[in-house]
Amino acid sequence: MLTAVLAIFLLAAVAPTVHRFLPHQSHWVLALVPAAVTAWFAMQLPEVGAIGSGHGEQAVIQVIPWIPSLGVELAFRLDGLALMFALLITGIGTFIVIYAGGYLHGHVHQGRFYLFIIAFMASMLGLVLADDVVSLFVFWELTSITSFMLISFNHEDPSSRRSAVQALLVTASGGLALLGGLVLLGQTAGSFRLTEIEASGVDLRQHALYLPILALLLLGAFTKSAQVPFHFWLPNAMDAPTPVSAYLHSATMVKAGVYLVARLNPTMGGTDVWFYTLVGFGTVTALWGGYMALRSVDMKKILAYTTLFALGTLVMLVGLGTPYAFQAFGVFLLAHALYKGALFMAAGSVDHGSGTRDVRELSGLWGKMKVTGVIIALASLSMAGLPPFFGFIGKEVMYEGMLEAGSFGIIVTISMILANATMLGAAGLVFWKPFMGRPSPAADHAHESGIALLLGPAALAGLGLLFGLFSGIPGANLLGAVTTAVTGIDTVLDLHLWHGITPALGLSVITVALGVVLFLALGRVKSALDGLARVSRINVDAAWDHILAGLDAVFTVVTRRMQPGYLRTYMFLTFLSITVLLGGTILLKGGLPIGIGSIEASYLGWFLAALMVIGTIGAVAATSRLQAITALSVVGLAIALLFLVYGAPDVGITQLMVETLTVIIIVLVLARLPPFKKREQLSNWVRLRNGAVSIALGAIVTSILLAVSAIEQPLDLSEFFAARSYVDAHGRNVVNVILVDFRGFDTLGEITVVAVAGLGVFALLKARLSRKVQGGAD
Amino acid sequence: MHSLILQTGTRLITVLMLLFSIFILWRGHNEPGGGFIGGLIAATAFALHGAAFGADAVRRLLPADPRTILACGLVAAIISGLFALFGEGGPDPFMTGRWVEFPNGFALGTPVLFDIGVYLVVVGGLIAMVLALMEED
């Protein structure tokens with residue numbers, strides 16, 4: 001499994017290069033890797049997928065030690081739930097890569113796009129396979145970051161940027177809550193491995209921290225899966241290129257939250273809070289999605305809102321917690337992934353062929369785009385939940401699940417009939433409206449898309465029909481294992497198109513009738529819905545702007561106070577904070593054991609100390625910057641000599657070099673600074689204040705040094721290094737051996753800081769330079 | 001800044017300092033010295049050269065753009081850590097030292113490569129800053 005994730009990450013890294021060499025065939029080449037990974041996962045089906053058929057729990061587990069000394073490991077688990085997601089991610093991902101090759105053909109940043117979307121694929125795959133909550137969180141955040149890159153792909157478009165920032169802020173703040181929840185979960189359960197938590201028998205539901213943990217985890221899941229009231233970012237994310245929308249909505253990103261909820265069900269689920277929270281939020285989200293879908297005119301927006309419906313439904317199903325509801329979870333998840341992937345890609349094909357996605361401008365496309373038409377017809381019939389499509393089976397099982405749920409189930413059932421009916425209406429909007437009727441002007445010049453654009457949606461839509469007709473195939477091989485993984489109880493799934501005359505069938509008939517009425521009366525329904533919108537006036541999206549603007553205003557004020565542009569003020573604030581923090585700590589801890597230890601003061605030492613005092617006085621009394629720097633460098637050089645005198649030549653040379661370089665750099669900077677602000681211009685109060693802080697800080701540092709030298713130093717460390725340095729690291733210079741060997745990892749961190757600082761200064765100065773040049777040109 | 005004395009002196013001192021920096025880098029493992037100090041000395045040498053002859057002269061003297069040098073250094077340091085993956089006894093934690101010992105007692109190991117990485121990062125980073133300042137106007 002690690003190999004699979006790493007292979008796809010590696011593919012992401014080389015994708016731009018591959019594209020550069022094969023600009024026209026790159027998508028076919030790149031698709032080979034996810035296709036191979038899909039095949040590998042498919043080969044696991046007999047072993048993992050048949051859990052429900054009485055073989056018992058047979059999850060494949062792979063553990064790789066990562067930081068053994070801290071007990072951190074990279075653990076993967078492949079059970080039914082993970083396997084289904086893995087198949088969807090890599091399978092649909094393969095088609096998406098091919099589709100992107102056709103859709104973005106000739107785009108300047110096509111290579112970069114491959115990099116982002118394949119990296120996203122790998123992150124998502126890692127997320128669903130992760131068994132260790134730390135790696136789960138890392139992959140979770142990686143999906144947020146890569147999807148940010150994807151949504152903002154058209155980064156020159158301000159609305160793309162806004163949507164991307166919105167998606168990132170919403171999902172990443174949820175991610176922070178998730179991190180807190182996962183840490184609490186791990187500590188409470190005594191393990192950071194999900195398998196162990198499930199097996200440990202610790203009943204989290206009875207634990208005092210159950211509610212906080214649940215709240216934090218659900219916050220993460222709900223923001224990621226766009227549950228109301230965090231739903232607003234998802235339709236906005238439609239600014240992304242169509243392959244992204246198709247991928248994010250069908251298989252991946254937005255389903256991460258649903259995945260998490262299902263994953264947690266065996267350990268956290270089944271309580272009243274769980275039931276009412278998930279069912280409540282899920283149902284409202286589903287209804288809201290259906291309502292907004294009918295009000296939209298952009299094909300992608302319509303589909304985005306139907307995704308909201310699906311996400312709400314899935315969360316609701318996990319919350320319901322009846323056996324049929326858990327079965328419906330797997331069935332509906334698969335059905336939705338198939339039809340939604342197909343519909344999004346086909347909508348992109350319509351856009352590509354006709355130049356618009358606005359359903360008001362589209363009609364009669366059938367004559368020009370027959371293949372796309374057939375695909376959309378197949379997929380939207382599945383979305384509408386009509387037989388013999390897989391979506392129909394999903395809807396039937398769903399109704400069975402709700403009928404089992406008792407009194408609260410009735411409210412849910414009524415809401416879901418409404419929501420499902422809107423899906424039928426939405427299906428009409430994306431198929432009947434654009435393809436039937438007399439050709440509109442946009443349809444006149446429409447043309448059919450090429451193979452790359454049609455392969456994926458055709459395959460997915462075809463699977464939706466195939467699984468509907470032969471529902472035993474996914475039922476016996478995969479979905480039973482999914483149910484087993486979600487419930488923790490072995491389940492055998494027996495799916496049929498025809499259940500006999502059941503209450504669920506009755507509900508289906510009502511849904512279809514209602515849906516047909518909704519679609520036929522769409523004009524009137526729309527104006528009624530618009531009227532409803534005037535009454536409700538819920539617009540979280542607009543509120544979002546207000547919140548951001550408010551935060552901006554607050555931070556502008558804070559920044560203005562903290563960063564007025566005077567180095568003097570920065571230094572003052574920095575020193576003041578150090579003084580308060582250090583001094584406060586010392587006071588709270590009850591003072592320091594000050595005393596003069598065994599310092600051997602030679603005459604040379606006293607002389608150097610006197611030199612430093614003179615340098616300091618010179619710096620304070622200086623009237624120009626050059627004077628101040630010269631005086632300060634006297635102090636620095638004296639310190640360097642002090643190190644030499646007391647036997648630390650390494651530190652001495654370093655200090656000498658740093659001193660020299662600092663002077664050179666400061667002199668270079670000096671030439672560009674405005675003249676020294678005259679002493680008289682600083683008010684007496686400010687000078688007094690600065691002096692007081694300086695003296696206080698100096699006193700604190702001095703007393704700390706005195707205290708340090710007064711304490712007996714433990715010699716174990718120095719003895720250890722002295723004894724091991726030549727034996728372990730072939731070096732007699734202990735200082736250097738510590739730097740490059742014993743603590744080499746720290747040094748690696750430090751040189752990275754040096755590198756970033758160097759680049760940062762370079763970029764800052766160059767940015768100013770180019771702005772100046774531009775300013776001159778204006 | 002066109003000072004004849006500075007220029008004449010610098011011509012000699014730059015070369016000496018660069019040689020000295022490499023010497024310091026090399027002997028660092030057994031005697032006082034090392035990559036960080038060596039890098040600082042080399043950076044000082046280049047900065048001094050820049051002060052005497054201008055930024056362009058420094059660029060002509062450098063084998064590559066300072067940012068490239070910096071990047072090479074980071075890569076060298078990271079690669080030195082990756083050697084830990086190979087060797088008898090299977091992969092060790094990142095940055096475990098690997099040594100090759102010669103019959104005469106001389107030993108060459110990954111810390112040396114790491115130290116060279118440190119040296120290059122320090123030189124590259126500091127020179128990037130100094131040059132950016134010198135070239136600002």
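Keep in mind that what you see is a predicted model, and the values were worked out from it rather than measured.

### Re the overall build of chain A
Helices and strands together make up the secondary structure of chain A, namely 33 helices and 2 strands. Across its three principal axes, chain A shows a C-alpha extent of roughly 105 × 65 × 55 Å. Each of the 778 residues in chain A was classed as buried or not, and the buried ones make up 50%. Considering only contacts within chain A whose residues lie at least 6 apart along the sequence, 78% involve residues at least 24 apart. Carbon and sulfur atoms make up 70% of the accessible area of chain A, which totals about 34700 Å². Charge centroids of chain A, computed over 43 positive and 41 negative side chains, lie 15 Å from each other.

### Some details on the overall build of chain B
For chain B, the count of helices and strands is 5 helices and 2 strands. Seen in sequence order, chain B has helices and strands lined up from the N terminus as α-α-α-α-β-β-α. Along the first, second and third principal axes, the C-alpha set of chain B runs to 60 × 30 × 20 Å. Taken over 137 residues, chain B has a buried fraction of 48%. Excluding contacts between residues fewer than 6 apart, the proportion of contacts in chain B whose partners are at least 24 apart in sequence is 61%.

### Quick word on the nonpolar core
F41(A), I118(A), L125(A), L129(A), M268(A) and F329(A) are the most contacted members of the largest nonpolar core, which totals 195 residues. The element best represented in this core is helix 15 (residues 323–354) of chain A, accounting for 19 residues. Other than its neighbours up to four places away in sequence, M268(A) contacts L185(A), L204(A), R205(A), Y210(A), I213(A), L214(A), L217(A) and W274(A). If you look at the next biggest cluster of nonpolar residues, it comprises 46 residues, including F762(A), M17(B), I127(B) and L133(B).

### Things to note about helix 4 (residues 80–103) of chain A
Between its first and last C-alpha atoms helix 4 of chain A spans 33 Å; for 24 residues at 1.5 Å apiece the expected length is 34 Å, and the two agree. A large share of helix 4 of chain A lies buried, amounting to 23 of its 24 residues.

### Concerning unusual backbone geometry
Residue and element names in this part refer to chain A. Here P387 and P388 are connected by a cis peptide whose omega angle stands at 0°. Of note, P388 is situated in the loop between helix 16 (370–384) and helix 17 (390–403). The phi torsion at A226 lies on the positive side, around 55°, for a residue other than glycine. One can find A226 in the loop between helix 9 (210–224) and helix 10 (233–236).

### Digging into the packing of helix 6 (residues 133–151) of chain A against helix 7 (residues 158–189) of chain A
Describing two packed helices takes the angle between their axes plus the distance from one axis to the other. Residue and element names in this part refer to chain A. Where helix 6 contacts helix 7, the axes come no closer than 8 Å and their chain directions differ by 175°. The pairing of helix 6 with helix 7 is recorded here as roughly antiparallel in orientation. Residue-level contacts link V133, L136, F137, W140, E141, S144, I145, F148 and I151 of helix 6 to S160, S163, A164, V165, A167, L168, T171, A172, G175, L178, L179 and L182 of helix 7. Its residues placed into classes, the contact of helix 6 with helix 7 shows 15 nonpolar, 5 polar and 1 charged.

### Quick notes on the environment of D203(A)
By the element assignment, D203(A) lies in the loop between helix 8 (194–200) and helix 9. Expressed as a C-alpha distance, the spacing of D203(A) and T267(A), which sit 64 residues apart in the sequence, is 7.7 Å.

### Some details on helix 2 (residues 35–53) of chain B
Given 3.6 residues per helical turn, the α-helix brings residues three or four places apart onto the same face. Residue and element names in this part refer to chain B. With 19 residues, helix 2 extends 26 Å between its outermost C-alpha atoms, agreeing within 8% with the 27 Å of an ideal straight helix rising 1.5 Å per residue. Burial runs high along helix 2: 15 of the 19 residues are buried. Following helix 2 by one or two positions, G54 adopts a phi angle in the positive range, close to 95°.

### A word on the side chain of E141(A)
Residue and element names in this part refer to chain A. Locating E141 in the fold gives a position in helix 6. No salt bridge is formed by the buried E141; its nearest oppositely charged neighbour, K224, is found at 5.6 Å. Ignoring anything within four residues of it in the chain, the contact list for E141 reads A172 and G175.

### Description of the pattern of salt bridges
Residue and element names in this part refer to chain A. Applying the stated rule across the entire model yields 11 salt bridges over all chains. Across the salt bridge formed by R162 and D545, the nearest N and O atoms sit 3.0 Å from each other. Residue R162 is located in helix 7, and its partner D545 is located in helix 25 (residues 540–562); the two are separated by 383 residues in the primary sequence. Take D545: its relative accessible area is 37%, and that puts it in the partly exposed class. Note that R193 and E196 form a salt bridge whose closest N and O atoms lie 3.9 Å from each other. Through salt bridges with shared partners, a single network forms among R77, D131, R193, E196 and E198.

### A word on the environment of L644(A)
Residue and element names in this part refer to chain A. Mapped onto the elements of the fold, L644 is located in helix 28 (residues 625–645). Owing to a relative accessible area of 42%, L644 belongs among the partly exposed residues under this scheme. For L644 and T17, which are 627 residues apart along the polypeptide, the C-alpha to C-alpha distance reads 53 Å. Residues in contact with L644, not counting those within four places in the same chain, are P649 and G652.

### As for the interface of chain A and chain B
With 43 residues of chain A in contact, the opposing surface of chain B contributes 43 residues. Carbon and sulfur atoms supply 74% of the area buried between chain A and chain B, which totals about 3900 Å² over both sides. Here chain A is connected to chain B by 0 salt bridges. Scanning the region where chain A abuts chain B turns up 0 residue pairs in polar contact (both at pLDDT 80 or more).

### Side note on a nonpolar patch on the surface
A surface patch of nonpolar side chains, amounting to about 840 Å² of accessible area, comprises F745(A), V75(B), I78(B), I79(B), L82(B), F83(B), L85(B), F86(B) and F94(B). The dominant element in the nonpolar patch, judged by the number of residues it contributes, is helix 4 (residues 66–82) of chain B, at 4 residues. Residue placement: I78(B) occurs in helix 4. Classification of I78(B) as partly exposed rests on a relative accessible area of 38%.

### Notes on the confidence of the model for chain A
Residues and elements named next belong to chain A. Averaged over all residues, the pLDDT of chain A is 83; the fraction at 70 or higher stands at 94%. Looking across chain A, the model is least confident in helix 24 (residues 522–536), with a mean pLDDT of 71, and most confident in helix 5 (residues 110–129), with 91. Ignoring residues within four places in sequence, the model shows residues 52–56, a span with pLDDT below 50, making 11 contacts including any to other chains.

### Quick notes on the packing of aromatic side chains
Residues and elements named next belong to chain A. Tallied over the full model, the rule gives 14 aromatic pairs over all chains. On the basis of an interplanar angle of 50° and a centroid distance of 5.2 Å, the ring pair of F222 and F281 is categorised as tilted. Here the residue F222 occupies a position in helix 9, and F281 occupies one in helix 13 (residues 272–295), the gap between them amounting to 59 residues. By relative accessible area, F281 is classed as partly exposed at 33%. Ring plane angle 85° and centroid distance 6.2 Å describe the contact between F309 and F332, whose orientation is recorded as edge-to-face. With a gap of 23 residues between them, F309 in helix 14 (residues 299–320) and F332 in helix 15 connect regions that are remote in the sequence. Comparing F309 with F332 shows no difference in burial state: the two are buried.

### Here's the deal with the confidence of the model for chain B
Of all residues in chain B, 94% attain a pLDDT of 70 or more, and the chain-wide mean is 84. ipTM for the predicted complex: 0.87, alongside a pTM of 0.76.

### Description of the environment of G109(B)
All names here are of chain B. On the secondary structure map, G109 appears in strand 2 (residues 107–109). As for G109 and R98, which are separated by 11 residues in sequence, their C-alpha atoms are 5.5 Å apart. Contact partners of G109, with chain neighbours within four places excluded, come to R98 and W99.

### What about the packing of helix 7 of chain A against helix 25 of chain A?
Residues and elements named next belong to chain A. At a minimum axis distance of 12 Å, the contact between helix 7 and helix 25 shows a crossing angle of 80°. The angle between the axes of helix 7 and helix 25 places the two elements in the roughly perpendicular class. Across the interface between the two elements, R162, Q166, L169 and V170 from helix 7 touch D541, W544, D545 and L548 from helix 25.

Here is what the cut-offs are and how they apply
- Residues numbered from 1 in each chain as written.
- Chains lettered and ligands numbered in written order.
- Predicted model: local features only at pLDDT ≥ 70, side-chain atom pairs only at ≥ 80, totals over all residues.
- Heavy atoms only, no water.
- Helix = DSSP H or I, 4+ residues; strand = E, 2+ residues; numbered from the N terminus.
- Buried < 20%, exposed > 50% of the residue type's maximum accessible area, 1.4 Å probe, protein only.
- Contact = heavy atoms within 4.5 Å.
- Areas by Shrake-Rupley, 256 points an atom, 1.4 Å probe, with all protein chains shown as cover.
- Lys, Arg positive; Asp, Glu negative; His and termini not counted.
- Charge placed at Lys NZ, Arg CZ, Asp CG, Glu CD.
- Core = buried A, V, L, I, M, F, W, Y, C linked by side-chain atoms within 4.5 Å.
- Expected span 1.5 Å × (residues − 1).
- Axes fitted to C-alpha atoms, helices over the stretch in contact; angles between N-to-C directions.
- Parallel < 35°, antiparallel > 145°, perpendicular 65-115°, else oblique.
- Nonpolar A, V, L, I, M, F, W, Y, C, P; charged D, E, K, R; others polar.
- Salt bridge = Lys/Arg side-chain N within 4 Å of Asp/Glu carboxyl O.
- Buried area = accessible area lost by both parts, 1.4 Å probe.
- Polar contact = N/O pair within 3.5 Å; in protein donor to acceptor, adjacent residues only side chain to side chain.
- Patch = residues over 30% accessible without salt bridge, like charges linked within 9 Å, V, L, I, M, F, W, Y side chains within 5 Å.
- pLDDT = per-residue confidence, 0-100.
- Phe/Tyr/Trp six-rings, centres within 6.5 Å; stacked < 30°, edge-to-face > 60°.

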